[in-house]
Amino acid sequence: MSGLLEVMIHRMMLTNGLLKRAFHVGRRQLSCTMQLHCEFSICSSQQRKFNNCTAIYNHRSISTIVFLSIGKRILSLIALSLNLDAEFFENIGAFSCPSAFLRLLHYPGEVNESDDGNYGASAHSDYGMITLLATDGTPGLQICREKDRHPQYWEDVHHIDGALIVNIGDLLERWTNCIFRSTLHRVVAVGKERYSVAFFLDPNPNLVVQCLESCCSVACPPRFPPIKSGDYLKERLSVTYK
Ligand SMILES: O=C(O)CCC(=O)C(=O)O
Ligand SMILES: [Fe+2]
């Protein structure tokens, strides 16, 4: 990995026993001064598997710094839509040393009968504020718009060249009292190998996430108690990776 990189490789893992390989790059907590200019020149044999991910990444000339600034911009638009200042999340310190990391993902093309439907990513929502997702264009990602409705109705997310997919996370759902619902999504088998890169943008771990004033009223009280972002994420991750 290039000397320019100040990254930590968290782990190589199989998540929940599902057929997905993920490679984590970044720090749970980005240092404010840290240069995260991620030009990937991945060379070890393990990392070679992820060259297609890095190709997605490099092709779009995006670095973690760019992901971060796109994420901040989207969150300032979300703040405006809630009658808050554009700088609201910046001002409350959400982006001062935020928790953020990249996940490079590889899904194999072949699916065996014995896998028993375990492929890709099972239905979930991401835990933090927002996730920016770049894929190699291979289908497989699906969303369920009305997550409380049963039976669930799943829609394919169509690839748009040059566009990033934005998922709302559970912390933003808590903050906005469900005005912004977190995106229920999954990745299903399409009989083709698939690569994607996800950038998870989560707030400073010490920030207390509590219902925004503009998102509640007497008729619509807060649905979630205040919680420190870091505690919430730790709890969710410990359940996922126990
Ligand atoms: O690979 C994808 O398109 C989605 C990955 C995902 O949802 C995740 O890693 O949380
Ligand atoms: Fe996800």
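Presented here is an overview of the structure given in this document. Bear in mind the structure is a predicted one, so any value in this text is a computation, not a measurement. (Residues numbered from 1 in each chain as written. Chains lettered and ligands numbered in written order. Predicted model: local features only at pLDDT ≥ 70, side-chain atom pairs only at ≥ 80, totals over all residues. Heavy atoms only, no water.)

1. Describing the coordination of the iron ion (ligand 2)
For the iron ion (ligand 2), the full set of protein donor atoms is His124 (NE2), Asp126 (OD) and His185 (NE2), and the range of their distances to it is 2.1 to 2.2 Å. Mapped onto the sequence, the residues coordinating the iron ion (ligand 2) show the spacing H-x1-D-x58-H. Note that His124 is positioned in strand 4 (residues 121–124) and His185 in strand 9 (residues 184–187), a separation of 61 residues in sequence. His185 gets classed as buried once you look at its relative accessible area, which sits at 4%. (Donors = N, O, S within 2.8 Å, 3.2 Å for Na, K, Ca; no water. Helix = DSSP H or I, 4+ residues; strand = E, 2+ residues; numbered from the N terminus. Buried < 20%, exposed > 50% of the residue type's maximum accessible area, 1.4 Å probe, protein only.)

2. Section: the side chain of Gln142
Mapping Gln142 onto the fold places it in strand 6 (residues 141–144). A polar contact of 2.8 Å, which involves the side chain of Gln142, links it to the side chain of Arg186. (Polar contact = N/O pair within 3.5 Å; in protein donor to acceptor, adjacent residues only side chain to side chain.)

3. Points about the site of ligand 1
Surrounding ligand 1, one finds Arg103, Leu105, Tyr107, His124, Asp126, Leu133, Leu141, His185, Val187, Arg194, Ser196 and Phe200. Take Arg103: an N or O atom from its side chain is 2.9 Å from an oxygen atom of ligand 1. Side-chain polar atom of His185 to an oxygen atom of ligand 1: 2.9 Å apart, as the coordinates give it. Counting only elements with at least two residues in the shell around ligand 1, the list comes to strand 3 (99–107), strand 9 and strand 10 (194–202). For the shell around ligand 1, the per-class residue count stands at 6 nonpolar, 3 polar and 3 charged. (Near = heavy atom within 4 Å. Nonpolar A, V, L, I, M, F, W, Y, C, P; charged D, E, K, R; others polar.)

4. Observations regarding the nonpolar core
One recurring pattern in soluble globular proteins: nonpolar side chains tend to sit buried together. By size, the foremost hydrophobic cluster in this structure holds 33 residues, and its most contacted members are Leu75, Phe89, Ile130, Leu172, Trp175, Phe199 and Leu201. When residues of this core are traced back to their parent elements, those giving at least two are helix 3 (64–81), helix 4 (88–91), strand 3, strand 5 (130–135), helix 5 (170–175), strand 10 and helix 6 (229–240). Here this core gets 6 residues from one element, more than from any other, and that element is helix 3. Residues in contact with Ile130, not counting those within four places in the same chain, are Gly71, Ile74, Leu75, Val166, Asn167, Ile168, Gly169, Leu172, Phe199, Phe200 and Leu201. One finds Ala121, Val187, Ala198 and Phe200 within the second-largest nonpolar core, a separate group that totals 9 residues. (Core = buried A, V, L, I, M, F, W, Y, C linked by side-chain atoms within 4.5 Å. Contact = heavy atoms within 4.5 Å.)

5. Concerning unusual backbone geometry
Residue Pro151 is bonded to the preceding His150 through a cis peptide linkage, with omega at 0°. Relative to the helices and strands, Pro151 is located in the loop between strand 6 and strand 7 (155–156). Phi at Asn177 takes a positive value of approximately 55°, unusual for a residue other than glycine. Turning to its location among the elements, Asn177 is positioned in the loop between helix 5 and strand 9.

6. Comments concerning the pattern of salt bridges
Applying the stated criterion across every chain, the model contains 6 salt bridges. Here Glu146 makes a salt bridge to Arg149, at a shortest N to O gap of 3.5 Å. Asp170 is paired through a salt bridge with Arg236; the nearest N and O atoms lie 2.7 Å apart. Of the two residues, Asp170 sits in helix 5 while Arg236 sits in helix 6, which places them 66 residues apart along the sequence. Judged by relative accessible area, which is 6%, Asp170 ranks as buried. What emerges from the salt-bridge pattern is a single network uniting Lys147, Asp148, Glu173 and Arg181. (Salt bridge = Lys/Arg side-chain N within 4 Å of Asp/Glu carboxyl O.)

7. Re the pairing of strand 6
Burial along strand 6 is two-sided: Leu141 and Ile143 facing one way and Gln142 and Cys144 facing the other are all buried. Relative to strand 9, strand 6 runs antiparallel, the two sharing 4 bridges. Its bridge partner lying in strand 9, Gln142 is registered against Arg186. Looking at chain direction, strand 6 and strand 7 are connected through 2 bridges and run antiparallel. What sits directly across from Gln142, in strand 7, is Asp156. (Pairing = 2+ DSSP bridges.)

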